[in-house]
Amino acid sequence: MARNRQTEAEVDSEGSDLSDSEGSDLSDSELQDAFSKGLLKPGLNAVEELEKQYVNNVVGLKQCLQDFKKNIEWVERLDMTNGPATDFVAKAEGKSVAQERSDIDPDDDFQREMYFYRQAQATVLNALPRLQRLKIATKRPDDYFAEMAKSDQQMQKIREKMMSKQISMEKSEKAKQLRALRKYGKKVQIEVIQKRQKEKKAMMTAVKKYQKGLSDKLEFLEGDKDSSEAKKEGGGRLAAGTAQQKKGINAKRKYRNEKFGFGGKKRGLKWNTRDSHNDVSSFRSKVAHSKSNSFGKGGKKNTNKRPGKKNRQKMKNRAR
């Protein structure tokens, strides 16, 4: 215990020596040795922050400005120092220049930019007469060609990119038109198929009516007619019928009348009359008295005649 107290006292004495020697210049090697021995503790070394001293050296600044300045003519410099142009609105309100400038808020973007704009206007108004007195042209001639800021190679790349973009847009537009045409063509095709199915259905209905004798019109065999002709026929049917009566029967209608007849009663056409009963010219005795005829007396018996009910019952009993 006594030995430990002695070492602590030695460390405290050495630390106090180091703290006393803060004002003295210590080398880096001495500080490293003290750090390795554990003699340096937090709070012993404090960093002093000194205030920054701003020096307004007016003479030195003027000397630097004099060194930068070159004695060249104003035409080569084209520098102007002036205030903003006159604000006629503020002038009409009776405000002075000092009041006008005090009303400008530097944090307001619109007012600040308008102030810069008026200052540029004042610069132009002051510089143009001065340039005209010096006989310097202030307007660009019509045949003036300025050098491009971008090189020809870069402009060629931009032109190629624009051309490729235009071509892609044209292809896209053409593809849209083709899709629209396909849709329209498909729609027309569906309408044509539906029209054909409707006409076919109407024709089948007309054929069935004709077969059943419900109608004697054969106009459905003439084929399809144009809608304009159908409208004309529907509108002027009476006039057409009158003209047909005056003209006479059509050749096609006449041929069909001769082929199919004129209609009228069709039932009972095979009924016997007195003349047909007395007419025996079509009678053939060989046909009537033939052995193959099962209806004659000398006809051959039917070998495939089915046995009677009793016989069939007897045959079933025998089979058992």
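Computed from a predicted model, the values in this text were never measured in an experiment. (Residues numbered from 1 in each chain as written. Predicted model: local features only at pLDDT ≥ 70, side-chain atom pairs only at ≥ 80, totals over all residues. Heavy atoms only, no water.)

**Quick notes on the overall build of the chain**
Working step 1: Along its length, the chain carries 14 helices and 0 strands.
Working step 2: In the chain, the succession of α and β elements from N to C terminus is α-α-α-α-α-α-α-α-α-α-α-α-α-α.
Working step 3: For the chain, the proportion of its 320 residues judged to be buried stands at 6%.
Working step 4: Summarising the internal contacts of the chain: among those between residues at least 6 apart in sequence, 46% fall at separations of at least 24.
Working step 5: A total of about 31700 Å² of accessible surface is found on the chain, and carbon and sulfur atoms cover 53% of it. (Helix = DSSP H or I, 4+ residues; strand = E, 2+ residues; numbered from the N terminus. Buried < 20%, exposed > 50% of the residue type's maximum accessible area, 1.4 Å probe, protein only. Contact = heavy atoms within 4.5 Å. Areas by Shrake-Rupley, 256 points an atom, 1.4 Å probe, with all protein chains shown as cover.)

**Some details on the pattern of salt bridges**
Working step 1: Across all of its chains, the model carries 2 salt bridges by this definition.
Working step 2: The partner of Asp79 in a salt bridge is Arg77, with the nearest N and O atoms 2.7 Å apart.
Working step 3: Judged by its relative accessible area of 38%, Arg77 is partly exposed.
Working step 4: Ionic pairing is found between Asp109 and Arg112, a salt bridge with its closest N-O pair at 2.8 Å. Taken as a pair, Asp109 and Arg112 lie in helix H7 (residues 109–133) at a separation of 3 residues, close to a single helical turn.
Working step 5: On the basis of relative accessibility, which here comes to 27%, the residue Arg112 falls in the partly exposed class. (Salt bridge = Lys/Arg side-chain N within 4 Å of Asp/Glu carboxyl O.)

**Comments concerning a positive patch on the surface**
Working step 1: A surface patch of positive charge is lined by Lys176, Arg179, Arg182 and Lys183.
Working step 2: Structurally, Arg179 is set in helix H8 (residues 152–211). (Patch = residues over 30% accessible without salt bridge, like charges linked within 9 Å, V, L, I, M, F, W, Y side chains within 5 Å. Lys, Arg positive; Asp, Glu negative; His and termini not counted. Charge placed at Lys NZ, Arg CZ, Asp CG, Glu CD.)

**Re the confidence of the model for the chain**
Working step 1: Mean pLDDT for the chain: 76, with 73% of residues reaching 70 or above.
Working step 2: The secondary-structure element of the chain with the lowest mean pLDDT is helix H1 (residues 2–20), recorded at 45, while H7 shows the highest, at 91.
Working step 3: Within the model, the stretch residues 1–24 combines pLDDT values under 50 with 7 contacts to residues more than four positions away or in other chains. (pLDDT = per-residue confidence, 0-100.)

**So, the side chain of Asn82**
Working step 1: Counting through the fold element by element, Asn82 comes out in the loop between helix H4 (74–77) and helix H5 (88–92).
Working step 2: A relative accessible area of 18% means that Asn82 is categorised as buried.
Working step 3: Here Thr123 takes part through its side chain, which lies 3.2 Å from a polar atom of the side chain of Asn82.
Working step 4: If we ignore the near neighbours within four places in the chain, the residues touching Asn82 are Gln119, Ala122, Thr123 and Asn126. (Polar contact = N/O pair within 3.5 Å; in protein donor to acceptor, adjacent residues only side chain to side chain.)

**Some points on H7**
Working step 1: Taking 1.5 Å of rise per residue, the 25 residues of H7 would be expected to cover 36 Å, and the 37 Å separating its terminal C-alpha atoms lies within 8% of that figure.
Working step 2: Of all the positions in H7, only Arg118, Ala122, Ala127 and Leu131 are classed as buried.
Working step 3: Measuring from the side-chain oxygen of the N-cap residue of H7 to the backbone nitrogen of Phe110 gives 3.3 Å; that N-cap residue is Asp108. (Expected span 1.5 Å × (residues − 1).)

**Let's talk about the packing of aromatic side chains**
Working step 1: This model, assessed by the stated rule, comprises 0 aromatic pairs.
Working step 2: Over the aromatic face of Trp74 sits the side chain of Arg130, whose NZ or CZ is 4.1 Å from the ring centroid. (Phe/Tyr/Trp six-rings, centres within 6.5 Å; stacked < 30°, edge-to-face > 60°. Lys NZ or Arg CZ within 6 Å of the ring centre and 35° of its normal.)

**Focus: unusual backbone geometry**
Working step 1: Although it is not a glycine, Leu78 sits at a positive phi angle of roughly 55 degrees.
Working step 2: Relative to the helices and strands, Leu78 resides in the loop between H4 and H5.
Working step 3: The backbone of Lys135 shows a phi angle near 55 degrees, a positive value even though the residue is not glycine.
Working step 4: Locating Lys135 in the fold gives a position in the loop between H7 and H8.

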